[in-house]
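# A look at the structure
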Amino acid sequence: QVQLVESGGGLVQAGGSLRLSCAASGSDFSVNAMAWYRQAPGKQREFAAAISSGGSTNYADSVKGRFTISRDNAKHTVYLQMNSLKPEDTAVYYCNAESPFLGGFWGQGTQVTVSS
């Protein structure tokens, strides 16, 4: 099993920044692909950003150039730096881990609210 705990969400004005953190435990973190997804009210969960075990990154077009995903294998933590936030970024943000040995896991989510 992999346990994921997100933190760093909150209320911010449009144009502001937040950094989300996701602390992982229960597996060899360095081999996991990690990702952030988000779910806005009344909408399906959607992909935001991902980082492979080797550090390659991928972003949804809607966040490209504004969000940066990174990982610290020594701290078993993945981060999502969110800049130039827009009201449409308002959502619950979920951390996802894909272990090559254990499968996929989700955190409980952290709320991000961007006011206009």
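Position numbers for residues start from 1 in each chain and track the written sequence from start to end. This being a predicted model, a pLDDT of at least 70 is required before a residue's local features are given, and a value of 80 or more before pairs of side-chain atoms are given or counted; all residues contribute to the totals for chains, interfaces and linings. Hydrogens and water are ignored here; the side-chain numbers use all heavy atoms of the structure.

### Here's the deal with the overall build of the protein chain
The following threshold applies: In DSSP terms, a helix is any run of H or I states spanning at least four residues, a strand is any run of E spanning at least two, and both are numbered starting from the N terminus. Here the radius of gyration uses the C-alpha set of atoms, whereas the globule reference equals 2.2 Å times the residue count to the power 0.38. Burial status follows relative accessibility: with a 1.4 Å probe on protein chains alone, a residue under 20% of its type maximum counts as buried, one over 50% as exposed, and anything between as partly exposed.
A tally of helices and strands in the protein chain yields 0 helices and 11 strands. In the protein chain, the succession of helices and strands from N to C terminus is β-β-β-β-β-β-β-β-β-β-β. Since a compact globule built from 116 residues should have a radius of gyration of about 13 Å, the 13 Å found for the protein chain is in line with a globular shape. For the C-alpha atoms alone, the extent of the protein chain along its principal axes is close to 40 × 25 × 20 Å. For the protein chain, the proportion of its 116 residues judged to be buried stands at 41%.

### So, the side chain of Arg 71
The following threshold applies: Any N or O atom pair separated by 3.5 Å or less is treated as a polar contact, with the protein-specific requirement of one donor-capable and one acceptor-capable atom, and with residues adjacent in sequence counted only for side-chain atom pairs. Residues count as neighbours in contact if any of their non-hydrogen atoms are within 4.5 Å of one another.
Among the structural elements, Arg 71 can be located in strand E7 (residues 67-72). Polar contacts involving the side chain of Arg 71 include one to the side chain of Asn 73, which spans 2.9 Å. The contacts of Arg 71, once residues within four sequence positions are left out, are Phe 29, Ser 30, Asn 32, Ala 33, Met 34, Ile 51, Ser 52, Ser 53, Thr 77 and Val 78.

### As for the pairing of strand E11 (residues 110-115)
Successive side chains on a regular strand alternate, one facing one side of the sheet and the next facing the other. Threshold: For two strands to count as paired, DSSP must find a minimum of two bridges between them.
Burial along E11 is one-sided: Thr 110, Val 112 and Val 114 are buried, while Gln 111, Thr 113 and Ser 115, pointing the other way, are not. The pairing of strand E2 (residues 10-13) with E11 spans 4 bridges and is parallel. The residue of E11 that forms the bridge with Leu 11 is Thr 113. As paired elements, strand E9 (residues 91-99) and E11 share 3 bridges and run antiparallel to each other. Across the sheet, residue Ala 91 finds its bridge partner in E11, namely Val 112.

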